Amino acid sequence: MKKTILLLCLLIGLGFSYNIDYTNWTVNFQIEKAGLTELKVETDIDRTLKSLIKNLQFDNNRTVQDYLNEHSQIARQFDRLRIGARETDIRYLSDGATIYEYEAPLTGQVMKLLMPYSGGGIPITTLCCPICKRPWPEDLAVPEGVKLVPQETEFTPKYTGILIDARDIDLQPCLFPKVLTEDGEEIYSLGFATNEYVTKLGLVSYVQSFDQAFQNERLGINPLRVTALKSSGPNKTDIIISQADAKTMHNSQHNLGLLERCQVVILIGNGKSK
């Protein structure tokens with residue numbers, strides 16, 4: 001998904017515009033210079049990119065700037081970070097101006113630095129011993145190094161990704177959203193993902209059409225389709241789903257693996273919260 005905003009920025013004397021691609025987690029921007037003006041703006045581009053990133057929604061309660069204000073060491077690392085932008089196109093206009101197009105990733109070093117944690121999520125399904133496959137007693141502590149697995153049968157479907165249809169709710173993209181039940185149980189969040197895949201892909205991918213969704217490599221050919229009931233929180237970044245859909249998302253080790261690998265796509269629209 002792309003959102004275009006014009007910006008009066010640090011690039012004095014140059015035209016600058018950008019959009020955030022929430023599908024691929026990039027900042028796409030262009031710089032227009034007039035005539036023979038020399039373009040030497042690498043440092044200003046980097047500072048401007050950081051300014052844009054700080055304004056992004058971090059989670060339901062904070063922007064990236066808010067998060068950095070809470071974590072001074074990470075803020076210092078972020079200020080020293082060289083994000084780097086790749087030139088994707090140059091266009092020459094009839095009036096003598098030149099437009100340079102760039103792309104800068106929000107994944108990789110940016111995502112890795114900003115990610116507060118990953119792993120540790122607890123499935124809401126019945127969990128079993130990984131060896132004998134019998135339900136684990138609730139009052140019995142799980143030994144260190146043992147990972148319980150969901151109770152499932154040979155008939156449990158094997159999905160290739162998870163598509164959350166949120167077209168009918170008012171939802172704002174953010175770096176680290178959560179999917180919850182109506183009782184507030186976490187079904188998908190950083191707790192269910194792994195550091196490697198969040199760094200590489202981002203926690204979710206936002207799209208605006210089914211065509212975009214099914215062209216997205218995260219989904220595969222047989223995704224589980226889940227309907228969002230409403231958004232949650234002051235900034236409307238989190239998603240509420242039904243208990244039945246939540247249990248389906250957690251009902252197999254295969255499905256939990258999809259969550260670990262961030263194979264989650266959110267289809268958004270211009271709806272209103274229910």
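Each remark here, short or long, concerns the structure printed above.
Residues numbered from 1 in each chain as written. Predicted model: local features only at pLDDT ≥ 70, side-chain atom pairs only at ≥ 80, totals over all residues. Heavy atoms only, no water.

Student: How would you sum up the overall build of the protein? Please name residues and give values.
Tutor: In terms of regular secondary structure, the protein is built from eight helices and 15 strands. Taken across its 274 residues, the protein has 46% of its residues classed as buried. The contacts in the protein between residues at least 6 apart in sequence include a share of 68% that link residues at least 24 apart. Counting every atom, the protein has about 14,500 Å² of accessible surface; 49% of that belongs to carbon and sulfur. (Helix = DSSP H or I, 4+ residues; strand = E, 2+ residues; numbered from the N terminus. Buried < 20%, exposed > 50% of the residue type's maximum accessible area, 1.4 Å probe, protein only. Contact = heavy atoms within 4.5 Å. Areas by Shrake-Rupley, 256 points an atom, 1.4 Å probe, with all protein chains shown as cover.)

Student: Tell me about the sheet that holds strand S15 (residues 264-268), residues and numbers included.
Tutor: The strands that make up a sheet pair up through hydrogen bonds in the backbone, lying either parallel or antiparallel. Read from one edge of the open sheet, four strands run S11-S15-S8-S12, paired in parallel fashion. Whereas interior strands pair on both sides, the edge strands pair on one side only; in this sheet they are strand S11 (205-207) and strand S12 (224-227). Taking each pair of neighbouring strands and ignoring which way they run, the sheet shows an average axis angle of 25°. As defined by bridge partners, strand S8 (residues 162-166) adjoins S12 across four bridges and the pair is classed as parallel. Bridge pairing in S12 links isoleucine 162 to leucine 224. (Pairing = 2+ DSSP bridges. Axes fitted to C-alpha atoms, helices over the stretch in contact; angles between N-to-C directions.)

Student: A description of unusual backbone geometry should follow, citing residues and the corresponding values.
Tutor: Working note: non-glycine residues mostly have negative phi, and peptide bonds are mostly trans. Residues other than glycine seldom take positive phi values, yet tryptophan 25 does so here, at roughly 55°. Within the element layout of this structure, tryptophan 25 appears in the loop between strand S2 (15-21) and strand S3 (26-33). With a relative accessible area of 0%, tryptophan 25 lands in the buried category. Phi at cysteine 262 takes a positive value of approximately 60°, unusual for a residue other than glycine. Residue placement: cysteine 262 occurs in the loop between helix H8 (253-260) and S15.

Student: Quick rundown of the pairing of S15? Include the residues and the values.
Tutor: Look at any regular strand and the pattern is simple: side chains alternate between the two faces of the sheet. For S15, the buried fraction is high: five of the five residues fall into the buried class. Residues Val264, Ile266 and Ile268 point to one face of S15 and Val265 and Leu267 to the other, with burial holding for every one of them. Judged from the three bridges that link them, S11 and S15 form a sheet pairing that is parallel. Bridge pairing in S15 links serine 205 to valine 265.

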